[in-house]
Amino acid sequence: MTRAVFLDRDGTLLVERHYLADPAGVEFVPGAFEALGVLRSLGYRLVVVTNQSGIGRGMYSEDDYRRVAERVDERLAEAGCFLDGTYYCPHHPESSDPCPCRKPGTGMYEAAARELGVSLADSWYVGDRIRDVLPALALGGKGILVRTGYGRDEEPDLPEGVEVADDLNAAAALIAGQAETGTA
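Computed from a prediction, not measured in an experiment: that's the story for all the values here.

**A short note on the overall build of the protein chain**
For step 1, the next point in the chain: Across its full length, the protein chain carries 7 helices and 6 strands.
For step 2, the next point in the chain: Counting from the amino terminus, the protein chain carries its helices and strands in the arrangement β-α-β-α-α-β-α-β-α-β-α-β-α.
For step 3, the next point in the chain: A compact globule built from 184 residues should have a C-alpha radius of gyration of about 16 Å, and the protein chain, at 15 Å, falls within 12% of that.
For step 4, the next point in the chain: The principal-axis extents of the C-alpha atoms in the protein chain amount to approximately 45 × 40 × 35 Å.
For step 5, the next point in the chain: Each of the 184 residues in the protein chain was classed as buried or not, and the buried ones make up 48%.
For step 6, the next point in the chain: Considering only intrachain contacts with a sequence separation of at least 6, the fraction spanning at least 24 residues in the protein chain is 63%.
For step 7, the next point in the chain: Across the protein chain, the centroid of the 18 positively charged side chains sits 2 Å from that of the 30 negatively charged ones.

**Here we look at unusual backbone geometry**
For step 1, the next point in the chain: With an omega of 20°, the peptide bond running from K103 to P104 counts as cis.
For step 2, the next point in the chain: Here P104 lies in the loop between β3 (85–89) and α4 (107–116).
For step 3, the next point in the chain: Unusually for a residue other than glycine, Y19 sits at a positive phi of about 60°.
For step 4, the next point in the chain: Structurally, Y19 is set in the loop between β1 (4–7) and α1 (32–41).

**Examining the pattern of salt bridges**
For step 1, the next point in the chain: Within the structure shown, the criterion is met by 14 salt bridges.
For step 2, the next point in the chain: Residues R40 and D84 are paired through a salt bridge, measuring 2.8 Å at the closest nitrogen-oxygen approach. Residue R40 is located in helix α1, and its partner D84 is located in the loop between α3 (62–78) and β3; the two are separated by 44 residues in the primary sequence.
For step 3, the next point in the chain: A residue is classified by how much of its surface remains accessible, and R40, at 25% relative accessible area, is partly exposed.
For step 4, the next point in the chain: Across the salt bridge formed by R71 and E78, the nearest N and O atoms sit 3.8 Å from each other.
For step 5, the next point in the chain: Among the residues examined, R71 registers a relative accessible area of 27% and is labelled partly exposed.
For step 6, the next point in the chain: Several salt bridges converge on common partners, so that one network encompasses R71, E74, R75 and E78.

**A look at the packing of aromatic side chains**
For step 1, the next point in the chain: Applying the stated rule across the entire model yields 5 aromatic pairs.
For step 2, the next point in the chain: The rings of F6, Y109 and Y125 are connected pair by pair, giving a single aromatic cluster.
For step 3, the next point in the chain: Lying across the ring of Y150, R129 places its NZ or CZ 4.3 Å from the centre.

**A short note on the sheet that holds β3**
For step 1, the next point in the chain: As summarised here, the arrangement of the 6 strands in space is β3-β2-β1-β4-β5-β6, forming an open sheet in which the pairing is parallel. Edge positions in the open sheet fall to β3 and β6 (162–165), since each of these has one partner strand only. Here the average twist between neighbouring strands, direction ignored, is 20°.
For step 2, the next point in the chain: Pairing between β1 and strand β2 (residues 45–51): 4 bridges, direction parallel. Bridge assignment links F6 to a residue of β2, and that residue is V47.
For step 3, the next point in the chain: The strands touched by α1 within the sheet are β1 and β2, with β2 carrying the most contacts at an inclination of about 130°.

Cut-off values and rules
Residues numbered from 1 in each chain as written. Predicted model: local features only at pLDDT ≥ 70, side-chain atom pairs only at ≥ 80, totals over all residues. Heavy atoms only, no water. Helix = DSSP H or I, 4+ residues; strand = E, 2+ residues; numbered from the N terminus. Rg over C-alpha atoms; globule rule 2.2 N^0.38 Å. Buried < 20%, exposed > 50% of the residue type's maximum accessible area, 1.4 Å probe, protein only. Contact = heavy atoms within 4.5 Å. Lys, Arg positive; Asp, Glu negative; His and termini not counted. Charge placed at Lys NZ, Arg CZ, Asp CG, Glu CD. Salt bridge = Lys/Arg side-chain N within 4 Å of Asp/Glu carboxyl O. Phe/Tyr/Trp six-rings, centres within 6.5 Å; stacked < 30°, edge-to-face > 60°. Lys NZ or Arg CZ within 6 Å of the ring centre and 35° of its normal. Pairing = 2+ DSSP bridges. Axes fitted to C-alpha atoms, helices over the stretch in contact; angles between N-to-C directions.

See below:
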């Protein structure tokens, strides 16, 4: 089993764009490429886990989502980075039949663990929403709320046991620091 850093996409890895459906809107948060390089150098698998309720709400299609995801991968490749996996939930949050994959549900993480051989308890969960970091508490890992995207607004309601960092670069530094001390 290996360790992973599970990353939310919008507001964490990318600049928040309310319901991003156009590849032209793909913009990485400052320092994202460097952060991914640090995490990769520490031996972590890099996995994006993202709720995409705009699909379930009819605001954009799965093809639109895929085009954005392809642009993300292209930009990462240009920077010499790559992801080990990307998982998304297309479901509407108010569905009468809630799905197990929509964060804070753990379905996408469990799928990644099976498919990528990841230990969920030895992994980090990084995002700008409380729902992005709650799976860490449920699965025994460690969560970091970043203050980009919606993070600053959600920070006051953060449950105990979750770290806070200004951005993805600061989160990577926090993970690296804990790796150096043997607490990661």
